[in-house]
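Spelled out, the chains give:
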Amino acid sequence: MTRKPNGRSSIYLGKDGKWHGWVTMGVKDDGSADRRHRIGSTEAEATRKVRELEKQRDSGKTDKPGRAPTIAEWMRTYLDEIAPLKVSDRTLESTYRPKAEHWIIPRLGAHRLNRLRPERLDAFYAYLGQQQLAQNTIVQIHRILSRALKIAVRREKIARNVCTLIDAPAVEDVEIEPLDADETRDVLDVAHHQRNGTRWSVALALGLRQCEALGLRWKYVDLKQGVIRVFWQIKHQRHRHGCKDPHACGERLHRYPCPEDCPKARRTSGRKHVVWCHPDGRPIDAGQDWDEWKELLRLAEVDKDARVHDARHTAATLLIEQGVDISVVQEILGHSQLTTTKGYTHITATLSTEAAARMGRALWG
């Protein structure tokens, strides 16, 4: 068979006794034609491979020409250069990077981006399940990998995100531990005698997020009018490497200072301006805030393993129990969608009893 004109797919029997197919997929970065080659033992096999390439081309799902990066290479590019633009330093260093380095890269890192197959991911998640990881940890790992591959598709490193081709790990419901009214009063009684105790009054009454409460500035508080405006959050930045080339020094994760580093105390723009802080004006660290919350629960003899974020659930639940309209609760919590607010409220014994009493009055007086 003779070759087809330029730009057309061609299939022919070569001198080596095999069938060869060529498909024009597009144009390379240098302006030359991107021609892909496929080989088959039979004409039917070569034709099938050519048709697959043409289908990819026509659907816009074409891999970039040349060597695709490995999963390990791309994950580190994503973590070092792309994720920091959207993800906080704290989340990046406490969640994204450890899970990528400990699980994704060791098990999948050697695979090329464009060679990762759905069955390989199925095996990967089955392996994670055998490591006694919490289900939500496996979900986090899946989401981190999927986000990295999603960016790879956008940047035309690969044609598809293989994470979308499998049944994603299911999210395990996290038990929410809102406090009831009596428990809340017990906590506030203890907090009343502590420095920065009003931080928990605001958390349990208005449902401020931790970063919002710790970052609240005095200029956003009007004590005369009884108004708090939540416009600002505090974010603690991770350690910044002192070398011009962090990788050259061998400390890839940037967790420890190099000999060339000049140790300096980390400062934040909130110093001496935040409402709840250390005596010298330094903002309170999120970890210390967590410890103080747990100590409050212990001193108040609240027998619940409630998280700091459960104070937000408590505020929503208590507001609903007081008959506050859910749209008002939405505004207080700062939710953009009402469905989000509904997820923070819970059917309690108080609400159920009141509902039954109202129905009784309606039917039997």
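**Focus on the packing of aromatic side chains**
By convention here, two paired aromatic rings are described through the distance between centres and the angle between planes.
Argument step 1. Scanning all chains against the criterion turns up three aromatic pairs.
Argument step 2. Over the aromatic face of tyrosine 127 sits the side chain of arginine 107, whose NZ or CZ is 3.6 Å from the ring centroid.
Argument step 3. Taking the ring centre of tryptophan 200 as reference, the NZ or CZ of arginine 199 above it sits at 3.9 Å.

**A few points about the sheet that holds strand E2 (residues 19-27)**
Argument step 1. The strand order across the open sheet formed by three strands is E1-E2-E3, and the pairing between neighbours is antiparallel. What marks the edges here is a single partner per strand, and that holds for strand E1 (10-13) and strand E3 (33-40). Each adjacent strand pair in this sheet contributes to an overall mean axis angle of 20 degrees, direction not counted.
Argument step 2. Where E2 lies against E3, eight bridges are found, and the strand directions are antiparallel. Bridge assignment links glycine 21 to a residue of E3, and that residue is arginine 38.
Argument step 3. The strands touched by helix H1 (residues 43-59) within the sheet are E1, E2 and E3, with E2 carrying the most contacts at an inclination of about 5 degrees.

**Quick notes on the confidence of the model for the chain**
Argument step 1. The pLDDT averaged across the chain works out to 81; a share of 81% of its residues lies at or above 70.
Argument step 2. Low pLDDT (under 50) marks residues 252-257, which in the prediction has 15 contacts with non-local residues, meaning those over four places away or in another chain.
Argument step 3. Within the model, the stretch residues 259-270 combines pLDDT values under 50 with 15 contacts to residues more than four positions away or in other chains.

**Quick look at helix H2 (residues 71-82)**
Argument step 1. When we look at burial in H2, the residues that qualify are Ile71, Ala72, Trp74, Met75, Tyr78, Leu79 and Ile82.
Argument step 2. In this fold, the buried residues of H2 make contact with helix H3 (89-108) and helix H5 (135-154).

**A short note on the packing of helix H10 (residues 310-321) against helix H11 (residues 326-333)**
Argument step 1. The interhelical angle for the contact between H10 and H11, taken along N-to-C directions, is 150 degrees, at an axis separation of 10 Å. Here H11 runs roughly antiparallel to H10, going by the angle between their axes. As H10 packs across H11, the resulting crossing turns out to be right-handed. For the pair H10 and H11, the contacting residues are Arg312, Ala316, Leu319 and Ile320 in the first and Ile326, Val329, Ile332 and Leu333 in the second.
Argument step 2. For the contact of H10 with H11, the per-class residue count stands at seven nonpolar, no polar and one charged.

What counts as what
- Residues numbered from 1 in each chain as written.
- Predicted model: local features only at pLDDT ≥ 70, side-chain atom pairs only at ≥ 80, totals over all residues.
- Heavy atoms only, no water.
- Phe/Tyr/Trp six-rings, centres within 6.5 Å; stacked < 30°, edge-to-face > 60°.
- Lys NZ or Arg CZ within 6 Å of the ring centre and 35° of its normal.
- Pairing = 2+ DSSP bridges.
- Helix = DSSP H or I, 4+ residues; strand = E, 2+ residues; numbered from the N terminus.
- Axes fitted to C-alpha atoms, helices over the stretch in contact; angles between N-to-C directions.
- Contact = heavy atoms within 4.5 Å.
- pLDDT = per-residue confidence, 0-100.
- Buried < 20%, exposed > 50% of the residue type's maximum accessible area, 1.4 Å probe, protein only.
- Parallel < 35°, antiparallel > 145°, perpendicular 65-115°, else oblique.
- Left-handed = near helix turned anticlockwise from the far one by under 90°.
- Nonpolar A, V, L, I, M, F, W, Y, C, P; charged D, E, K, R; others polar.

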